[in-house]
Number of protein chains: 2
Amino acid sequence: MEKTARAGLERVSRPRLYEQLVEQILAYIESAQLRPGDLLPAERDLAERLGVSRATLAQALVALEVLGVIDVQHGTGAVLARRPSVASVIKGLREHQSRLPEIVEARSTLEGKLAALAAERRTGDDLAAIDNALDVMAREINDGDRGTHGDELFHQAITAAAHSSVLAQLMAFIAEMILETRMESLGQPGRPEQSLASHRRIADAIRAQDPAAATEAMLAHIDLVSDVELLR
Amino acid sequence: MEKTARAGLERVSRPRLYEQLVEQILAYIESAQLRPGDLLPAERDLAERLGVSRATLAQALVALEVLGVIDVQHGTGAVLARRPSVASVIKGLREHQSRLPEIVEARSTLEGKLAALAAERRTGDDLAAIDNALDVMAREINDGDRGTHGDELFHQAITAAAHSSVLAQLMAFIAEMILETRMESLGQPGRPEQSLASHRRIADAIRAQDPAAATEAMLAHIDLVSDVELLR
DNA sequence: ACTGGCTCACTGGACTAGCCTCTTAGACAG
DNA sequence: CTGTCTAAGAGGCTAGTCCAGTGAGCCAGT
């Protein structure tokens, strides 16, 4: 979870006690072999064991609740949600444990489908937004910039044009990881121009309402901007 | 966010103050036209305005932080994250605002790819898990059950066999929504048997390491189990 | 004019103590 | 046996207090 990924220095994010508690409670759940439906120890008890106040523990429990790990019930206690898997899932995502190839894989899967849907469903407004993104990127590159802003706009416009909120949500979920890939790729000399050209091919296929061509163009594009990563 | 979706009654989940605060703060951000990087009012100030204690407000801020809406910095304040979009995104997901067709769309996109990857990458253990899931489902159906458990096991086994943690995470993210679709579908008379047969076709393609056939079989399967929904 | 160090007001971080409401099991009366 | 009541224990929330980080502004030294 960084901020200001642009050239600036990383602002050290100070550790928060509740974050540490979340880790410890997660570890406890695992070590104690707790299963969905089981109860966590009482707040007063848990707070004492962990050496923190109830107020702080309450924050950790809120975090776990938002993460979908537990369900706190007034008068009963904190019960483990039926799918504790999402815990490690989200944790893994946030910690960037996922390797780059897998991210590219997920991205191409989602964006390939989004491109096809965009070709089928795009409205005039959607097309205008896509063209605008292309203009922005072209202008950025002309100014000697990498065109990251236009690039981002373009992919957002495609996502919007697909008119599928669920897929859009999944894209948002991995957006941060993709952003890193994108920035590195556009840093390569000559890359922005190539990237812009493949964007144009995608836009043309969507304009022509050709789903198969749109998917193909999108996959080729992602292949282009991703291969730099795979050299590692 | 329900619990015990199985036949049981819904346990009324009592409203929590912090949840209400999250809504109010979200509304405030919108109404005050705050942009990424802007600061929220100070905790003491905000707590007083909302008529709650600082401890409770702190819980709401933790929730917003976990949701990715804000980033609380010691000594500075709560700054809006650069992508406030994910806020409404996750909120929308949790509230099931997404319509069924879109869920099916996302599911087929992901599982189609997962089936192809499984065909390419499955190990002997993966195959054994898939076969085991088929056995479980067959036994359940023989006992007059709907086979939901075996069904779930099967799709989990496919996901595991694809060996892509990012895609697996995305699947987990929409798993709850899919569960509902699955249960309804298998409730139809004759459906469990049809579903089992199409599972076998998927398994055969994965056994034969034929990605294209696996994707095709998976898409046909999802089509089969989903059409009941689309009748609405 | 700039640099560095200092201070201070303000911000969040965390704890404590206490009282409230809710849940549940068990005692008890019918 | 059944329904009711009660008390213990759970979480919800508040108020007050102190600690720690931030950053603007002042001021002396260069």
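Residues numbered from 1 in each chain as written. Chains lettered and ligands numbered in written order. Predicted model: local features only at pLDDT ≥ 70, side-chain atom pairs only at ≥ 80, totals over all residues. Heavy atoms only, no water.

### Topic: the overall build of chain A
Point 1. A tally of regular secondary structure across chain A gives ten helices and two strands.
Point 2. In chain A, the order of α-helices and β-strands from amino to carboxyl end is α-α-α-β-β-α-α-α-α-α-α-α.
Point 3. Counting every position in chain A, which comprises 232 residues, the buried fraction comes to 50%.
Point 4. Look at the contacts in chain A between residues 6 or more apart in sequence, and 72% of them connect residues 24 or more apart. (Helix = DSSP H or I, 4+ residues; strand = E, 2+ residues; numbered from the N terminus. Buried < 20%, exposed > 50% of the residue type's maximum accessible area, 1.4 Å probe, protein only. Contact = heavy atoms within 4.5 Å.)

### A short note on the pairing of strand β2 (residues 77-80) of chain A
Residues and elements named next belong to chain A.
Point 1. Both strand β1 (residues 70-73) and β2 contribute to a ladder of four bridges, which runs antiparallel. Following the sheet pairing, Gln73 is matched in β2 by Gly77.
Point 2. Counting the residues in the hairpin turn of β1 and β2 gives three residues, including Gly75, whose phi is positive at 90 degrees. (Pairing = 2+ DSSP bridges.)

### Side note on the nonpolar core
Point 1. One finds Ile25(A), Ile70(A), Ile25(B), Leu40(B) and Ile70(B) to be the most contacted residues of the largest nonpolar core, which totals 47 residues.
Point 2. Those residues in contact with Leu40(B) that sit more than four places away from it in its chain are Ile25(B), Ile29(B), Leu34(B), Leu46(B), Leu61(B), Ile70(B), Ala78(B) and Leu80(B). (Core = buried A, V, L, I, M, F, W, Y, C linked by side-chain atoms within 4.5 Å.)

### Quick notes on the pattern of salt bridges
Point 1. By the definition in use, this model includes twelve salt bridges over all chains.
Point 2. Arg121(A) is the salt-bridge partner of Glu105(B), the closest N and O atoms lying 2.5 Å from each other. Taken together, the residues span two chains, with Glu105(B) in helix α5 (residues 100-121) and Arg121(A) in helix α5 (residues 100-121).
Point 3. For Glu105(B), a relative accessible area of 11% corresponds to the buried category.
Point 4. A salt bridge links Asp131(B) to Arg207(B); the shortest N-O distance between them is 3.1 Å. Of this pair, Asp131(B) sits in helix α6 (residues 124-142) while Arg207(B) is found in helix α9 (residues 191-207), placing the two residues 76 residues apart along the sequence. (Salt bridge = Lys/Arg side-chain N within 4 Å of Asp/Glu carboxyl O.)

### Observations concerning the packing of α6(B) against helix α7 (residues 148-161) of chain B
Two measures define how a pair of helices packs: the angle their axes make with one another and the distance between the axes.
Residue and element names in this part refer to chain B.
Point 1. Two numbers describe how α6 lies on α7: the axes approach to 7 Å, and their chain directions differ by 170 degrees. Taken together, the axes of α6 and α7 are roughly antiparallel relative to one another. Where α6 abuts α7, its residues Asp126, Ala129, Ile130, Ala133, Leu134, Val136, Met137 and Glu140 lie against Thr148, His149, Gly150, Asp151, Leu153, Phe154, Ala157, Ile158, Ala160 and Ala161.
Point 2. The residue makeup of the contact of α6 with α7, split by class, is twelve nonpolar, three polar and three charged. (Axes fitted to C-alpha atoms, helices over the stretch in contact; angles between N-to-C directions. Parallel < 35°, antiparallel > 145°, perpendicular 65-115°, else oblique. Nonpolar A, V, L, I, M, F, W, Y, C, P; charged D, E, K, R; others polar.)

### Digging into the environment of Ala63(B)
Point 1. With respect to the element layout, Ala63(B) can be found in helix α3 (residues 54-66).
Point 2. Along the primary structure Ala63(B) and Leu21(B) are separated by 42 residues, whereas in three dimensions their C-alpha atoms are 9.8 Å apart.
Point 3. Contacts of Ala63(B), omitting those with residues within four sequence positions, involve Val62(A), Val66(A), Tyr18(B) and Val22(B).

### Section: the protein's contact with DNA strand D
Point 1. Taken together, 25 residues lie near DNA strand D, and Glu43(A), Arg44(A), Arg16(B), Leu17(B) and Thr56(B) sit nearest.
Point 2. Looking at DNA strand D alone, sugar and phosphate atoms form 67% of those within 4 Å of the protein.
Point 3. Within the side chain of Arg54(A), one N or O atom sits 3.0 Å away from a base nitrogen of DNA strand D.
Point 4. Leu17(B) places a main-chain nitrogen or oxygen 2.8 Å from a phosphate oxygen of DNA strand D.
Point 5. Within the residue set of the surface near DNA strand D, elements represented by two or more residues are α2 (43-50) and β1 of chain A together with α3 of chain B.
Point 6. Broken down by element, the surface near DNA strand D gets its largest block of residues, three residues, from α3(B). (Near = heavy atom within 4 Å. Polar contact = N/O pair within 3.5 Å; in protein donor to acceptor, adjacent residues only side chain to side chain.)

### Some thoughts on the confidence of the model for chain A
All names here are of chain A.
Point 1. Scored by pLDDT, chain A has a mean of 81; 78% of the residues are at 70 or more.
Point 2. Within chain A, helix α6 (residues 124-142) carries the highest mean pLDDT (94), whereas helix α4 (residues 85-94) carries the lowest (49).
Point 3. Counting interchain partners and residues more than four positions distant, the pLDDT-below-50 stretch residues 1-9 has 13 contacts. (pLDDT = per-residue confidence, 0-100.)

### Things to note about the packing of helix α1 (residues 17-31) of chain A against helix α3 (residues 54-66) of chain A
Residue and element names in this part refer to chain A.
Point 1. The interhelical angle for the contact between α1 and α3, taken along N-to-C directions, is 65 degrees, at an axis separation of 8 Å. Crossing of α1 over α3 shows right-handed handedness. Contact residues: Leu17, Tyr18, Leu21, Val22, Ile25 and Leu26 in α1; Thr56, Leu57, Gln59, Ala60, Leu61, Ala63 and Leu64 in α3. (Left-handed = near helix turned anticlockwise from the far one by under 90°.)

### Some words on the environment of Leu40(A)
All names here are of chain A.
Point 1. Within the element layout of this structure, Leu40 appears in the loop between α1 and α2.
Point 2. Spatially, the C-alpha atom of Leu40 lies 6.2 Å from that of Val79, the residues being 39 residues apart in sequence.
Point 3. Apart from residues lying up to four places away in sequence, Leu40 is in contact with Ile25, Ile29, Leu34, Leu61, Ile70, Ala78 and Leu80.

### Re helix α1 (residues 17-31) of chain B
Point 1. The end-to-end C-alpha distance of α1(B), which contains 15 residues, comes to 21 Å, matching closely the 21 Å that a straight helix rising 1.5 Å per residue would cover.
Point 2. Of the residues flanking the end of α1(B), it is Gln33(B), one or two places downstream, whose phi is positive at about 55 degrees. (Expected span 1.5 Å × (residues − 1).)

### So, unusual backbone geometry
All names here are of chain A.
Point 1. You will see that His163, though not glycine, has its phi angle at about 50 degrees, which is positive.
Point 2. Looking at the element boundaries, His163 is found in the loop between α7 (148-161) and α8 (165-186).
Point 3. Taking the relative accessible area as the measure of exposure, His163 reaches 39% and is therefore partly exposed.

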